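Summary of the model geometry
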Amino acid sequence: MSILTRPILEIDLNNLLANYQLLEKIAPHATPAAVVKDDAYGLGAAVVAPLLYEKAQCRNFFVAHAVEGQRIADKLPQAKIYVLQGIGEDCLDIFQQVPQLIPVISSPEMFEFWKSNRLPNRKPVIHIETGLNRLGFREHDLKALSDADLSEFSMVMSHLACGDEKDHFMNAHQLETFEQLKNIYFPDLPASLSASDGVFLGEKFHWNMVRLGAAMYGINTAPYRLNQMQNVVRIKAPVLQIEPLPKGEFVGYSATYRASSDRKIAIVSIGYGDGLPRSLSNVGKVYFKVRGKLHECRVIGRMSMDNLICDVTEAEGLEVGDFAYIADDFYTLDDMARDAGTISYEIMSRVGKNTRYIRKYIGQ
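A brief report on the enclosed structure follows. Since the structure is predicted, the reported quantities are computational estimates derived from the model, not experimental observations.

For the protein chain, the count of helices and strands is twelve helices and 18 strands. Considering only C-alpha atoms, the protein chain reaches an extent of 75 × 40 × 40 Å along its principal axes. Counting all 364 residues of the protein chain, 55% fall into the buried class. Looking at the protein chain alone, contacts between residues at least 24 apart form 66% of all its contacts between residues at least 6 apart.

This is how it looks when you write it as structure tokens:
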């Protein structure tokens, strides 16, 4: 009998690389850029970025903050690293130290800061707003720019609001707005409109560069169709205890579950402190492999910080030390997010950055 205590996070680098290469084929006329912000969605930018650089010859990367780019720059000596949150007083020194970093300028105020602190041999990207109403220059901001100002930039970009819904009217609206603004203000600049979801909308959304993030990590960013991506993340955790649960007994904090018949329960060493959504309480699923058979078991009671409890009455032969499969090819983070009422991006980010996991990279 094995006594284990920590959850395990497995990251399949072979599948991640295959996903990048498939996305590259879907948008063959655009330059692929890998989005490795938030520590590669929690999966480890120090591993993912060099993998793509060496195995896929990726030479363009996006991060959110300059400090994220600084951490991986020495592993990507010939790459450009675009910084989505731009440049400011808190990161100017990093830009000065790391020549690969290119700021994305999203507001007139940030542009004024750039002009007061220009970096040699670098031209920033301008982010224009086309309908998401988040970061970006509005058209009245663009009208205020001089010809000299407009010449400062190396690329123009925007971001889709509804790219995961193929027929949403916002896609056509943003595409039209982007094309109009680009033609008026930046007719000669390369352009980038789409992240992963936009790749599946067709060639007219690809422009010169596509930003490959969530889909590369296995997330279904085009839920209107069968997921073409291979699963990248697997989570499993050991069973710490197995006990009978007599009819009428309660389970967990606040006694939200009561057994309607005699049951058997397993206490698994994973909880919301490990990044799982607490909203999986009484609705989530856990899987066990016993004697070659896969058993789907329900999470019962409130999930706690360090443990969840599940009904394993039908999983005959399950033992302490066996693994509960929390996420796998047969129950992905997309499936978990659906049951939890959230998005898989959030779960991946929270799980990936959690230090309590034993982290294992598969392949490469």
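The discussion continues.
Right, let's get into the side chain of Arg234. Mapping Arg234 onto the fold places it in strand E10 (residues 233-245). By relative accessible area, which is 15% here, Arg234 ends up buried. In terms of polar contacts, Arg234 uses its side chain to reach the side chain of Asp329, at 3.3 Å. With residues up to four places along the chain from it excluded, the contact list for Arg234 reads Ile8, Leu9, Glu10, Asp12, Asn15, Ala327, Asp328 and Asp329.

What follows is about the pattern of salt bridges. On inspection of all chains with the given rule, the structure shows 15 salt bridges. A salt bridge links Arg118 to Glu152, with the nearest nitrogen and oxygen atoms 2.5 Å apart. Highlighted residues: Arg118 in the loop between helix H6 (108-116) and strand E6 (125-127) and Glu152 in the loop between helix H8 (147-150) and strand E7 (155-157), separated in sequence by 34 residues. Under the relative-accessibility criterion, Arg118 is labelled partly exposed at 46%. Its relative accessible area of 14% is what places Glu152 among the buried residues. Two residues, Asp339 and Lys285, come together in a salt bridge whose shortest N-O distance is 3.0 Å. Of this pair, Asp339 sits in helix H11 (residues 333-340) while Lys285 sits in strand E14 (residues 285-290), and the two are 54 residues apart along the sequence. The network of salt bridges with shared partners includes Asp12, Arg234, Asp328 and Asp329.

Look at helix H1 (residues 13-26) against helix H3 (residues 45-55): their axes get within 11 Å of each other, and the N-to-C directions meet at 55°. In this view, H1 runs oblique relative to H3, as classed from their interaxial angle. As H1 packs across H3, the resulting crossing turns out to be right-handed. Facing Leu13, Leu16, Leu17, Tyr20 and Gln21 of H1, the residues of H3 in contact are Val47, Val48, Leu51, Leu52 and Lys55. Split by residue class, the contact of H1 with H3 holds eight nonpolar, one polar and one charged.

Attention shifts here to H3. Within H3, burial applies to Ala45, Val48, Ala49, Pro50, Leu51, Leu52 and Tyr53. Considering only its buried residues, H3 is in contact with H1, strand E2 (31-35), helix H2 (37-41), strand E3 (60-63) and helix H4 (66-72). Directly beyond the C-terminal end of H3, a positive phi value near 55° is found at Gln57.

In the structure shown here, the tally under the stated rule is zero disulfides. Distance from the sulfur of Cys310, which forms no disulfide, to the nearest cysteine sulfur (Cys297) is 5.8 Å.

Here we take up the nonpolar core. In terms of nonpolar packing, the biggest core is built from 122 residues, with Val36 and Phe288 touching the most fellow members. For this core, the leading source of residues is H3, giving six residues. In this structure Val36 touches Ala45, Val48, Ala49, Phe61, Phe62, Val63, Ile72 and Tyr217, once residues within four positions along its chain are discounted. Leu245, Tyr257, Ala259 and Ile267 belong to the second-largest nonpolar core, a separate cluster that totals eight residues.

Let us look at unusual backbone geometry. Residue Tyr41 is not a glycine yet carries a positive backbone phi of 55°. Counting through the fold element by element, Tyr41 comes out in helix H2. Under the relative-accessibility criterion, Tyr41 is labelled buried at 11%. A positive phi angle, near 55°, is found at Asn133, a position not held by glycine. Its place among the elements puts Asn133 in the loop between E6 and helix H7 (139-143).

Reading the values: the criteria
- Numbering of residues begins from 1 in every chain and follows the order in which that chain's sequence is written.
- Whole-chain, interface and lining totals are the exception, using all residues; otherwise, since this is a predicted model, local features are given only for residues with pLDDT of at least 70 and side-chain atom pairs are given and counted only at 80 or more.
- To obtain the side-chain values, all non-hydrogen atoms of the structure were included, while hydrogens and water were left out.
- A helix here means a DSSP run of H or I that spans at least four residues, while a strand means a run of E at least two residues long, and both kinds are numbered starting from the N terminus.
- Note on exposure labels: buried denotes an accessible area under 20% of the residue type's maximum, exposed denotes more than 50%, and partly exposed covers the range between, all computed with a 1.4 Å probe on protein chains only.
- Contact between two residues is taken to exist if any of their heavy atoms lie within 4.5 Å; hydrogens are not considered.
- Here a polar contact is taken to be a pair of N or O atoms separated by no more than 3.5 Å, where protein atoms must pair a possible hydrogen donor with a possible acceptor and residues adjacent in sequence count only if both atoms sit in side chains.
- Note on definitions: salt bridges are taken to be side-chain nitrogens of Lys or Arg within 4 Å of carboxyl oxygens of Asp or Glu.
- To get an axis, fit a line to the C-alpha atoms, keeping to the stretch in contact for a helix; angles then go from 0 to 180 degrees between the N-to-C directions.
- Roughly parallel here means an angle under 35 degrees, roughly antiparallel means over 145, roughly perpendicular means 65 to 115, and every remaining angle is called oblique.
- Note: crossing handedness is left-handed where the near helix turns anticlockwise from the far helix by less than a right angle, and right-handed where it turns clockwise.
- Here the term charged refers only to Asp, Glu, Lys and Arg, the term nonpolar to Ala, Val, Leu, Ile, Met, Phe, Trp, Tyr, Cys and Pro, and the term polar to all other amino acids, Gly among them.
- Two cysteine sulfur atoms form a disulfide, by the criterion used here, when they sit within 2.5 Å.
- The criterion is simple. A nonpolar core is a set of buried Ala, Val, Leu, Ile, Met, Phe, Trp, Tyr and Cys residues joined through side-chain atoms within 4.5 Å.

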